[in-house]
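Residues per chain are reported as follows:
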Protein chains: 4
Amino acid sequence: MTIMTGAEYLERINKLGSEVWIAGEKVTGDISEHPAFKGVMKSQAELYDMQHKKSFIERLTFADDKNNQKVGISYLIPKTRADLEKRRNMIQTWARYTAGLMGRSPDYMNTALAAFASSVHLLRNQPNCFPEHLTKFYEYAISNDLSFTHTFINPQNNRSLMSFADEDTTNARVVKRIEEGLVIKGAKLLATQGGITDEIIVFSAPGIQDQSHAFAFSIPSNTEGVKFVCRKSLIADHSRYNSPLSSRFEEMDTVVIFDNVLVPWDRVFFYDNIKIANEFYKNGNFVPFALHQIVSRQVIKTEFILGVAKLIVDTININEYQHVQSKVSEIIIGLESGKALLLASELQAEKDDRGIMIPNRTPLYVAVNQFQETYPRFIEIVQLLGASGMINLPDEKQFASPIGDVLDHYLQGFEIKGKERVQLFQLAFDLCMSSFGSRQTLYERFFFGDPVRLSQMIYQTYDMEPSISFVKEMLNKKLT
Amino acid sequence: MTIMTGAEYLERINKLGSEVWIAGEKVTGDISEHPAFKGVMKSQAELYDMQHKKSFIERLTFADDKNNQKVGISYLIPKTRADLEKRRNMIQTWARYTAGLMGRSPDYMNTALAAFASSVHLLRNQPNCFPEHLTKFYEYAISNDLSFTHTFINPQNNRSLMSFADEDTTNARVVKRIEEGLVIKGAKLLATQGGITDEIIVFSAPGIQDQSHAFAFSIPSNTEGVKFVCRKSLIADHSRYNSPLSSRFEEMDTVVIFDNVLVPWDRVFFYDNIKIANEFYKNGNFVPFALHQIVSRQVIKTEFILGVAKLIVDTININEYQHVQSKVSEIIIGLESGKALLLASELQAEKDDRGIMIPNRTPLYVAVNQFQETYPRFIEIVQLLGASGMINLPDEKQFASPIGDVLDHYLQGFEIKGKERVQLFQLAFDLCMSSFGSRQTLYERFFFGDPVRLSQMIYQTYDMEPSISFVKEMLNKKLT
Amino acid sequence: MTIMTGAEYLERINKLGSEVWIAGEKVTGDISEHPAFKGVMKSQAELYDMQHKKSFIERLTFADDKNNQKVGISYLIPKTRADLEKRRNMIQTWARYTAGLMGRSPDYMNTALAAFASSVHLLRNQPNCFPEHLTKFYEYAISNDLSFTHTFINPQNNRSLMSFADEDTTNARVVKRIEEGLVIKGAKLLATQGGITDEIIVFSAPGIQDQSHAFAFSIPSNTEGVKFVCRKSLIADHSRYNSPLSSRFEEMDTVVIFDNVLVPWDRVFFYDNIKIANEFYKNGNFVPFALHQIVSRQVIKTEFILGVAKLIVDTININEYQHVQSKVSEIIIGLESGKALLLASELQAEKDDRGIMIPNRTPLYVAVNQFQETYPRFIEIVQLLGASGMINLPDEKQFASPIGDVLDHYLQGFEIKGKERVQLFQLAFDLCMSSFGSRQTLYERFFFGDPVRLSQMIYQTYDMEPSISFVKEMLNKKLT
Amino acid sequence: MTIMTGAEYLERINKLGSEVWIAGEKVTGDISEHPAFKGVMKSQAELYDMQHKKSFIERLTFADDKNNQKVGISYLIPKTRADLEKRRNMIQTWARYTAGLMGRSPDYMNTALAAFASSVHLLRNQPNCFPEHLTKFYEYAISNDLSFTHTFINPQNNRSLMSFADEDTTNARVVKRIEEGLVIKGAKLLATQGGITDEIIVFSAPGIQDQSHAFAFSIPSNTEGVKFVCRKSLIADHSRYNSPLSSRFEEMDTVVIFDNVLVPWDRVFFYDNIKIANEFYKNGNFVPFALHQIVSRQVIKTEFILGVAKLIVDTININEYQHVQSKVSEIIIGLESGKALLLASELQAEKDDRGIMIPNRTPLYVAVNQFQETYPRFIEIVQLLGASGMINLPDEKQFASPIGDVLDHYLQGFEIKGKERVQLFQLAFDLCMSSFGSRQTLYERFFFGDPVRLSQMIYQTYDMEPSISFVKEMLNKKLT
């Protein structure tokens, strides 16, 4: 096989019939027809279809001549700066289709898997590690253009510093190691798109204390005993006019419950090895590769927000106010900073011993940590610009009703009719105020970790020696 | 008649049968049974019922011996500091029932009407003014415990400084003055609770340029030609578990269209008088009375948010983190500042020439302007504390399903079972992240006006002479 | 004796001849003539003289009929709300004379001593405690209108959480308990006005681990072995025109070194008692009384800054800009909040078992913690308003020189000549940008403790139970 | 001639004998020996000497083979991206010597002159323009390695929007056009280093209304009628220990008064041409070249502040606190953003029609506008970290006195003696709290213009069309 089409994706997921619970019921029938999933699965399918379109094929795929197949660039392990640029273009091409609103578009997890596969040397000759399983799985994923979810955060039951004793109560862990593989029991808090992907990759959260929690593996989503339990759906409305974003991009989050799930050995990458669990995260390529994907996407999302803000300004004709200009400038500043940091990470990328080109993680950490603050501020700015216009939004049916023409007149903006103006504000509402939009804000607040911890991480990993020497030199200059 | 019961309120509104458009249809049948209105109307009814409950009657009503009736304190025109305190207690008693989430609980408009009635002297002997209509209407409202909506903001079509020429395109204005009264045509942008109150009070926005826009009147909501056009409903779910706040407090906003509406003369307070329109707003008691109501409510809302924040902290056991403590402290600081400013406005209240006790508006302006910034920050803080727990919220049915027990176990918090923990987070979500919650945030951002203009208003009205003299004295002290 | 005059203060301090080191030399001769001290001592003297002036005597003193003497209200232990108001008026009267720039005007330490004396019951019947020494000393201080400095912070050598082992290296501690009294050795980091007061009060910093550091006493500043080591002076210039504030209010800070200092028993309030050291701070009246003094002063300082800001705005005629108005409004908001919180603390004051009226500490903590953030912001605002005008400030001599007239012309402001305009900006510079002004900013940042810890303190001491119950009630309302 | 030595610089300036007024007196004798100037002139001389040092010569100069001379890279008009990198290295090499504290190190004005010279085509064939004078002057400056100050801001007398009528009262303008040249009368507000450079370049502020204010020229600093009037000096102390920065880098600002100054025609670049005055600023290369110099310097300054912050953290051992880490991270984030934006401006540089490589101004505007906010925050962070340690700073003489050893002991930090610890804090004080340091903060707040206007400029010049199209496309996607 080779790169997937949208239709293939839908068919494959429907066929899997994973155990997905939503609103008190187990999904039966085609999940792609279920109201909570049909929008996002359609969007996902469209992303896959883009890989086949003439206008995108160059930006999204490359020819794997050895295996005589087309491969998504999202799977590409970069060897040159040009490869990083290719990866960025691929990520941003897809992100442009979703306005950066799908944090789990296929490139995210494909990038993660490529990162894992390119870090396979860390597993060599280590106890309970199977680097060859990982390599083989990566090749298998490429050949089948597999879709993934992943999960690693444990349930939030006790966040105290001294809470390790509770770990076994709820967290997914190895309860048996038998001939056929590992047996897993417990829960993981969050798998976005859980139940609508081919596979689920499961690995340890950082900082574990007990070796039964130290593992990494991938299994098909329909593996027996795996249950995806959905939160409430955040789609207010399936109308593209009323809910232009949530009707298409609501990814759904799930709690994943492992009810004595058997993971066959050939899918285990490592287990019972705390040291490797920590090192694989810390020294492997997951962090720089994932950050590069995230920042590439966030830049596109910022461009989108800038457009929304500016259109609102134009539509109600508030261009002339100084504070309006300064607010929009804040978004521009965020956009330009993000773009510059992304470029810097590529420009300062370095090859590792195995010839893999690693983006510099410092500017990326900085970009992600800044976005955790600036994204909510951008959302606030759109609210402040849109003001009361963000609220009084009749839905599509009102415009189609007997009073539609009157509304079209009375809700007009500056050089724009009411229905069209309201459409823009519906979009802004869906981005900034709907349950869907609020989840987006929360996600960006915590992307890649708690903002407080992320800023500590920057402190702890940054090389401040040159700055210290600089000051010491200034202090010690011969006093004259 | 005397103070209303909830049942009377419901019956009266149903009977009115005002013209309300929602989702493309005109409401027919009892509006109190319509899914978009039944929650808020029930809450409203419960507020009215409180006026009759032994435990509240003292805090909510007083005896009008002259007319031998009980009257809601919300209608009370204060003559003493004690009256202000009574008013505050009444407002906060009702606000406590709604967690401060109903900006249009009956006390808001009753207070506004009392403010108008207490400013009636401004209309005396002025052209096109009818002070006696206002006084009579106030008494009529008291005797019937009328419920109100109001509207004054014009459509948002062009906010440029130079846009007055467009006024006549969309804004409600007097198009005819005939024997029976005024004829009104055009729209007003926003009437919260439009269509579910007895009456609608309509008055000019500040800064009008054309006298046909300068008026104030009240008419029954079912007056011919008045159309209330609803925005989309923000109730995600009628389950009290899933949507504990929006299922009860979603007030609905409407565009109000006046299709050649006849306002009988005895309901006209003034018209065709720009000077009075501006002065009635600027020099009347609406500003200080309304601000006193608003700040009283916002204090209760802040207390509620503080409780939500602290319960989240306890539930996931993050008490020990410094940044967690500092974040919760921000809410405490906001709460204590609000309470202190409210007290200061009462302590510095002064009697006007007619013996009416006017709360000092400066501390109230300050409180409202601060809340425009702090409220969104409080909401942000709850999100930052709740983190991923704010997202992964299975609904009530999931807990009632075959996997309910498992969920109850895996989603447990610190000394709390899963279902109960999720209930708290559902409440937090509804407050901070649901469409309903986002509207709350937007409303508080703009309560009593654009925050930028409100801060300018503070600058323009504050007496800085004492500070200037202080500095001049310091500058001019004899140099020694 | 009774209330002191300025001349008596100067004479007494000169006579003491305490050991004060500055710029490498021990002060000899009259310290009130030393360039580093003459300004502040003159100001201090003027404050004392105010106690005798007809126009101030009522606001600053009361008649102690029992002992037939006039006493400064700063020593008054309040028994009623009116006493608190008296105290506030006294504090603000003095603060007005210094624009709130002298953190150690006499009322600060007099208040502290009154607070200690009113907490004397905590020492009763406790080991190593001498409540009667404290009471007697308080009366002695009153009768002689003594002036004080105090010191309690230890040197900053190691702020790690685990640094207690180092305590004995540098911190002042009891090294001997002999018949005549305690012998103290070591240093305390900071005594503002050290060396220019009659006495120095010394007590433990909170959180001590070793009983030899747990003590409280007062000794004359010239006690043998006590050395006051000055920092560099921050007076740029003695000209009242060039440095209108620092030339008068530069209080000087000192490190205090105790070189085997003997503290006679009758001056020891307690020693070797960790429990009492902590409780005296935590449960005594020092915190509420000192906070009340601080906030009263900070309110005056804010009024002063508001005046400076507004005069700058007028002088360069930038009133019309929206962002200018909003910036000045920030100061107004800070001022009104501070005033309201201060009032609230008095309104919510409560009598303790001994009949002492204790201001509510919560609003005061809030006010002080807010000021730690708003004061630097106010300073920033003045800089942003003054802009380049804050920099290009010719001194007094330039205006007196042959080019003076030309300067007076070219540096004119809006309806103001150059010399007068520059005088205003010199004041603003001294407040916001001189070394003196920067120390003011730093002081306010840390007044009453590190802002991070202060916000934690608010969290830890606030009663959040009512808020929690409020939310629980909302959660548990019968679901209908 | 060729690149200058420090000695030549000093000699040349002394010989000029420009008219400089300070503290009421005209400077006579060698200005390089005057206490207010000797520090900065020595530093300036050292910068010139670096151009001759083997270790720096490559980074600071290039060979101008045509004219057989070495030329400072600061004069280089870039033709390639490599030239931009060369320029950056040159700027940062010099900036490193001054910790970025000299805003007017020679590269600033040399860059400005190179920018002017490279924009000479804008003057061709325009009325009252002399492009050939500019070209010739640029070559003359190169050959003599001239030093410059410049001035363009008018006095601050009235900043109202409607104040143009006042222009002629104070602002420098052409009062006569005679055979020998222009005659200039009036003042300019600010020439940093005025009086200690060979030449002064004078040009119009943007937005002029009267053609007599529209000019550009350069004249020797000692031209008859030119008076440099100094502000008060901000050097507290000439000791390198007590004032490590101000003793070396206090640049002095001057008001420049033109008392009927004759500017010979060959030094006039243009005059009486408002259109060119505006276009030369807006379309010439001054903005991108100057911004590139400024941001290059600010990056170095940020590195320095980071070092100071980290050394304070180490010295008092507060590494372990989360809020400390987060604060230092803010500086890192600022540093990395600045570096990335600088790189981006070079990467996105484009050649103009004349083959000159113009750095992209957008990322540079963003960097400068951000620095206006982040620099004061960095200064605040250093204050918050240093806390009380920033205040209690005995001077050098205290350590040399009989109590020096005791101080050295008691003021010790973590693994550092008192004298050395205090030296670090003196540096931090001079950077963040001295009058000199406060001027630095004010300068960075306003570098390249008022921050409010700069943010408006970003809004007004940014191309938002792509963002708008992006959103429109999303809105208009076929609704399905």
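The residue numbers shown here count from 1 along each chain, following its written sequence. Numbering of ligands from 1 and lettering of chains from A proceed in the order in which they are written. It should be noted that, the model being predicted, local features are given only for residues of pLDDT at least 70 and side-chain atom pairs only at 80 or more, the latter also being counted only at that level, while totals for whole chains, interfaces and linings use all residues.

The name an unreviewed UniProt entry gives chain A is 4-hydroxyphenylacetate 3-monooxygenase, with Halobacillus andaensis as the organism.

Caption draft 1: Geometry of the overall build of chain A. Comment: elements are numbered from the N terminus, with helices defined as DSSP H or I runs of at least four residues and strands as E runs of at least two. Secondary structure summary: chain A contains 18 helices and 14 strands in total. Over its C-alpha atoms, taken along the principal directions, chain A stretches across nearly 85 × 75 × 50 Å. Field definition: a residue is buried when 20 or more other C-beta atoms are found within 10 Å of its C-beta, exposed when 12 or fewer are, and partly exposed for counts in between, with C-beta atoms placed from the backbone. Burial analysis of chain A (480 residues in total) assigns 62% to the buried set. Of all intrachain contacts in chain A linking residues separated by at least 6 positions in sequence, the fraction that spans at least 24 positions is 74%. We call two residues in contact whenever the C-beta atoms placed from their backbones are within 7 Å.

Caption draft 2: Broad picture of the interface of chain D and chain C. Facing 66 residues of chain D, the contacting portion of chain C comprises 67 residues. Counting only elements with at least two residues in the side of chain D that touches chain C, the list comes to β7 (181-192), β10 (226-230), β11 (253-264), α12 (361-386), α13 (396-400), α14 (404-410) and α16 (435-446) of chain D. With 6 residues, α16 of chain D is the largest single contributor of residues to the side of chain D that touches chain C. When residues are grouped by polarity, Ala, Val, Leu, Ile, Met, Phe, Trp, Tyr, Cys and Pro land in nonpolar, Asp, Glu, Lys and Arg in charged, and all others, Gly among them, in polar. Grouping the constituent residues of the side of chain D that touches chain C by class yields 32 nonpolar, 21 polar and 13 charged.

Caption draft 3: Highlighting the packing of helix α11 (residues 322-347) of chain D against α12 of chain D. Residues and elements named next belong to chain D. It is the contact of α11 with α12, at a shortest axis distance of 10 Å, that shows an interaxial angle of 160 degrees. One way to sum up the angle between α11 and α12 is to call them roughly antiparallel. Classified by chirality, the crossing of α12 by α11 is left-handed. Listed contacts from α12 to Val324, Lys327, Glu330, Ile331, Gly334, Ser337, Gly338, Leu341, Leu342, Ala344 and Ser345 of α11 are Pro363, Leu364, Val366, Ala367, Gln370, Phe371, Thr374, Arg377, Phe378, Ile381, Leu384 and Leu385. Lines fitted to C-alpha atoms define the axes, with helix axes restricted to the stretch in contact, and inter-axis angles between N-to-C directions lie between 0 and 180 degrees. For this classification, under 35 degrees means roughly parallel, over 145 means roughly antiparallel, 65 to 115 means roughly perpendicular, and everything else is oblique. Should the near helix be turned anticlockwise from the far one by less than a right angle, the crossing is left-handed, and should it be turned clockwise, the crossing is right-handed.

Caption draft 4: Just the relation of the copies chain A and chain B, in detail. Least squares is used to superpose the copies, and the fit set is the C-alpha atoms of residues whose pLDDT is at least 70 in both copies. Rotating chain A by 180 degrees about the axis while translating it 0.0 Å along that axis superimposes it on chain B, leaving an RMSD of 0.0 Å. A rotation of that kind, with that shift, is consistent with a two-fold axis. Identified as the residue of chain A closest to the rotation axis by C-alpha distance is serine 435 of chain A, at 2.6 Å. A shared interface surface links the copies, since 100% of the contact residues of chain A are contact residues in chain B too.

Caption draft 5: Here's a closer look at the sheet that holds strand β5 (residues 148-151) of chain D. Residue and element names in this part refer to chain D. Across the sheet, 4 strands lie side by side as β5-β8-β9-β12; this open sheet has mixed pairing. The two strands at the open ends of the sheet, each matched to only one other strand, are β5 and β12 (268-271). Between one strand and the next, the sheet's axes are offset by a mean angle of 20 degrees, whatever the strand orientation. A pair of strands is labelled paired if DSSP reports no fewer than 2 bridges between them. In terms of strand pairing, strand β9 (residues 215-220) meets β12 through 3 bridges, oriented antiparallel. Within β12, the residue paired with phenylalanine 217 across the bridge is valine 268.

Caption draft 6: Representation of the interface of chain A and chain B in the model. The interface of chain A with chain B comprises 67 residues on the first partner and 67 residues on the second. For the side of chain A that touches chain B, the secondary-structure elements that each account for two or more residues are β7 (181-192), β10 (226-230), β11 (253-264), α12 (361-386), α13 (396-400), α14 (404-410) and α16 (435-446) of chain A. It is α16 of chain A that contributes the most residues to the side of chain A that touches chain B, 6 residues altogether. Grouping the amino acids of the side of chain A that touches chain B by side-chain chemistry returns 33 nonpolar, 21 polar and 13 charged.

Caption draft 7: The arrangement of helix α10 (residues 286-315) of chain D in detail. Residue and element names in this part refer to chain D. One fewer than the residue count of a helix, multiplied by 1.5 Å, yields its expected span. In a regular helix each residue adds 1.5 Å, so 30 residues correspond to 44 Å; α10 covers 43 Å between its end C-alpha atoms and thus fits that length. In terms of residue burial, α10 counts as a mostly covered element, since 29 of its 30 residues are buried. Asparagine 317, located one to two residues past α10, shows a positive phi value of around 60 degrees.

Caption draft 8: Up close: the sheet that holds strand β5 (residues 148-151) of chain C. Residue and element names in this part refer to chain C. Strand order in this open sheet of 4 strands is β5-β8-β9-β12, and the pairing throughout is mixed. Unpaired on one side and paired on the other, β5 and β12 (268-271) mark the two borders of the sheet. Adjacent strand axes in the sheet meet at a mean angle of 20 degrees when their direction is disregarded. Taken together, the 5 bridges between strand β8 (residues 199-203) and strand β9 (residues 215-220) define a ladder with antiparallel strand orientation. Across the sheet, the residue bridging to glutamate 199 is proline 220, located in β9.

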